[in-house]
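# Observations on the three-dimensional arrangement
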Amino acid sequence: MLRLPRRSLLLGASLFLSACLSPTLPLPPPDRPDVTSPDASGMARVRGTAVPQAEVIAWNRGNDLLAGQVSGADATYDFMIRADVGDIIELWYVKGTDQSSSVSVKVPDKTP
């Protein structure tokens, strides 16, 4: 029978516990979304990719409105948000209890 010194057991246990307590890596930001210029009703389309089945959220800093959608199995999203030309749209996603960092896009005057 193999006998390990007590110090080795304590060291192994402390390494195991510290690994369990280490923070998880943050989620990467979503890809930069495509944002269209506002249509006749003042709505801009926001579309792109994040991760599959994540809550994608867009915040229009100009009018303080939120809009969003759960991304599909292919990680894509496509939704509308009220916006004016020049507004800044900040976009991020939430997966479970983790939140990604955000990306910002300016609402264009003309859609290319």
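Look above for the structure.
Residues numbered from 1 in each chain as written. Predicted model: local features only at pLDDT ≥ 70, side-chain atom pairs only at ≥ 80, totals over all residues. Heavy atoms only, no water.

## Considering the pairing of strand β4 (residues 65–70)
Inclusion rule: Here, strands pair whenever DSSP counts at least two bridges between them. Only DSSP runs of H or I covering at least 4 residues are called helices, and only runs of E covering at least 2 are called strands; the numbering of each starts at the N terminus.
Sheet analysis places strand β3 (residues 55–60) next to β4, joined by six bridges and oriented antiparallel. Opposite N60, over in β4, you have L65 as the bridge partner. Here β3 folds back onto β4 in antiparallel fashion, the turn holding four residues, of which D64 has a positive phi close to 60°.

## Here we look at the sheet that holds strand β5 (residues 76–82)
The strand order across the open sheet built from three strands is β1-β2-β5, with neighbouring strands paired in antiparallel fashion. Across the chains shown, the open sheet's two edge strands, defined by having one partner strand only, are β1 (34–35) and β5. Strand direction decides the pairing type here: strand β2 (residues 43–49) and β5, joined by seven bridges, are antiparallel. Bridge pairing in β5 places M43 opposite R82.

## Some details on the side chain of D87
Inclusion rule: Relative accessible area decides the class of each residue, using a 1.4 Å probe on protein chains only: under 20% of the type maximum gives buried, over 50% gives exposed, and in between gives partly exposed. In summary, the charge assignment counts Lys and Arg as positive and Asp and Glu as negative, without counting His or the chain termini. We define a salt bridge as a side-chain nitrogen of Lys or Arg found within 4 Å of a carboxyl oxygen belonging to Asp or Glu. Polar contacts here mean pairs of N or O atoms no more than 3.5 Å apart (in protein, one a potential hydrogen donor and the other a potential acceptor; neighbouring residues in sequence count only if both atoms are side-chain atoms). The criterion used for residue contact is that any of the two residues' heavy atoms lie within 4.5 Å.
For D87, the position within the fold is in the loop between β5 and β6 (88–95). Buried and unpaired, D87 has no salt bridge, with R82 as the nearest side chain of opposite charge at 9.4 Å. Polar contacts involving the side chain of D87 include one to the side chain of N60, which spans 3.0 Å. Leave out the neighbours within four places in its chain, and D87 touches N60, G62, N63, V105, K106 and V107.

## Quick notes on unusual backbone geometry
In this structure, D64 is a non-glycine residue whose phi angle is positive, near 60°. Looking at where D64 falls in the secondary structure, it is placed in the loop between β3 and β4. Of note in the backbone geometry, A75 takes a positive phi value of approximately 75° without being a glycine. Looking at the element boundaries, A75 is found in the loop between β4 and β5. On the basis of relative accessibility, which here comes to 9%, the residue A75 falls in the buried class.

## Comments concerning the pattern of salt bridges
What the rule picks out here adds up to two salt bridges. Between R45 and D78 there is a salt bridge, with the nearest N and O atoms lying 2.7 Å from each other. Placement of the pair is R45 in strand β2 and D78 in strand β5, with a sequence separation of 33 residues. Note on D78: relative accessible area 35%, which makes it partly exposed. Between E90 and R61 there is a salt bridge, with its nearest N and O atoms 2.8 Å apart. Placement of the pair is E90 in strand β6 and R61 in the loop between β3 and β4, with a sequence separation of 29 residues. Taking relative accessible area as the criterion, E90 reaches 14% and is therefore assigned buried. For R61, a relative accessible area of 43% puts it in the partly exposed group.

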